[in-house]
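So you can see what is in the structure, the chains are spelled out below.
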Amino acid sequence: MKIQAFLIAIAFVFLSLTSCSGAGSETIHVSMRDFSFTPDRFTVRAGTTVTLTIRNLGALDHNFHIMDLGYFVEGPWSGTDETGVYQSHSDLPGGEVSTTSFIAPNTPGEYQILCSIPSHLELGMQATLTVTE
């Protein structure tokens, strides 16, 4: 019985230490519609591994770009805006679902999320990713 208690204590210490190391992981689920993201605000911790699941519930193709901190696109999207992309997910046809992973930015702040397909941003297809310490 003492050995079992000792092994449980060791396992608890090991799990506690491993949960403190690294930035961890988080999951974001987003639905895209014609012309919005739901939800339209996301919060993650800096440096975490983020698993992103995107569902396109709209009839049109949509995409998902997270812009660099301080880079804000008011519209329309142009090829030069690609230099300001932190993380990108390609066009997703209506009715499709996709999952990908990325590392959240290390710098806290608010990052613009948008759909770059012509006129979608202008029609309101944007969201905000807030990165915290």
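A brief structural summary. (Residues numbered from 1 in each chain as written. Predicted model: local features only at pLDDT ≥ 70, side-chain atom pairs only at ≥ 80, totals over all residues. Heavy atoms only, no water.)

Topic: the environment of threonine 130
What counts is decided by this rule: In this text, helices come from DSSP runs of H or I with a minimum length of four residues, and strands from runs of E with a minimum of two, each type numbered from the N-terminal end. We call two residues contacting when some pair of their heavy atoms lies within 4.5 Å.
Looking at the element boundaries, threonine 130 is found in strand S9 (residues 126-132). For threonine 130 and phenylalanine 42, which are 88 residues apart along the polypeptide, the C-alpha to C-alpha distance reads 6.0 Å. Not counting residues within four places of it along the chain, the set of residues in contact with threonine 130 comprises Arg41, Phe42, Thr43, Val44, Gly109 and Glu110.

What about the sheet that holds strand S6 (residues 85-92)?
Put simply, the rule is: Strands are labelled as partners when DSSP assigns at least two bridges between them. Every angle, taken between N-to-C directions, lies between 0 and 180 degrees, and every axis is a line fitted to C-alpha atoms, over only the stretch in contact when it is a helix.
Taken together, five strands build an open sheet; the order of strands is S3-S9-S8-S5-S6 and the sheet is mixed. For this open sheet the edge positions go to strand S3 (41-45) and S6, each flanked by a neighbour on one side alone. Each adjacent strand pair in this sheet contributes to an overall mean axis angle of 20 degrees, direction not counted.

Topic: the sheet that holds strand S1 (residues 25-33)
Consider a sheet: its strands pair through backbone hydrogen bonds, and that pairing is either parallel or antiparallel. Spatially, the four strands line up as an open sheet ordered S2-S1-S4-S7, and their pairing is mixed. The sheet is open, and its two edges are formed by strand S2 (36-38) and strand S7 (97-103), each paired on a single side. Strand-to-strand, the axes of this sheet are offset by a mean angle of 25 degrees, without reference to chain direction. Across seven bridges, strand S4 (residues 49-56) lies against S7 in antiparallel orientation. Paired with valine 50 across the strands is phenylalanine 102, a residue of S7.

Examining the pattern of salt bridges
Applicable threshold: For salt bridges, the criterion is a side-chain nitrogen of Lys or Arg within 4 Å of an Asp or Glu carboxyl oxygen.
Under the criterion given, the structure shown has two salt bridges. Close ionic contact of glutamate 26 with arginine 45 constitutes a salt bridge, the shortest N to O distance being 3.3 Å. Of the two residues, glutamate 26 is situated in strand S1 and arginine 45 in strand S3; the sequence distance between them amounts to 19 residues. Between glutamate 110 and arginine 41 there is a salt bridge, and its shortest N-O distance comes to 3.0 Å. Placement of glutamate 110 in strand S8 (residues 109-114) and of arginine 41 in strand S3 is noted, with a sequence separation of 69 residues between them.

Section: the environment of valine 97
We count it as follows: Note on exposure labels: buried denotes an accessible area under 20% of the residue type's maximum, exposed denotes more than 50%, and partly exposed covers the range between, all computed with a 1.4 Å probe on protein chains only.
Mapping valine 97 onto the fold places it in strand S7. The partly exposed category is assigned to valine 97, whose relative accessible area is 40%. With residues up to four places along the chain from it excluded, the contact list for valine 97 reads Thr53, Ile54, Arg55 and Leu92.

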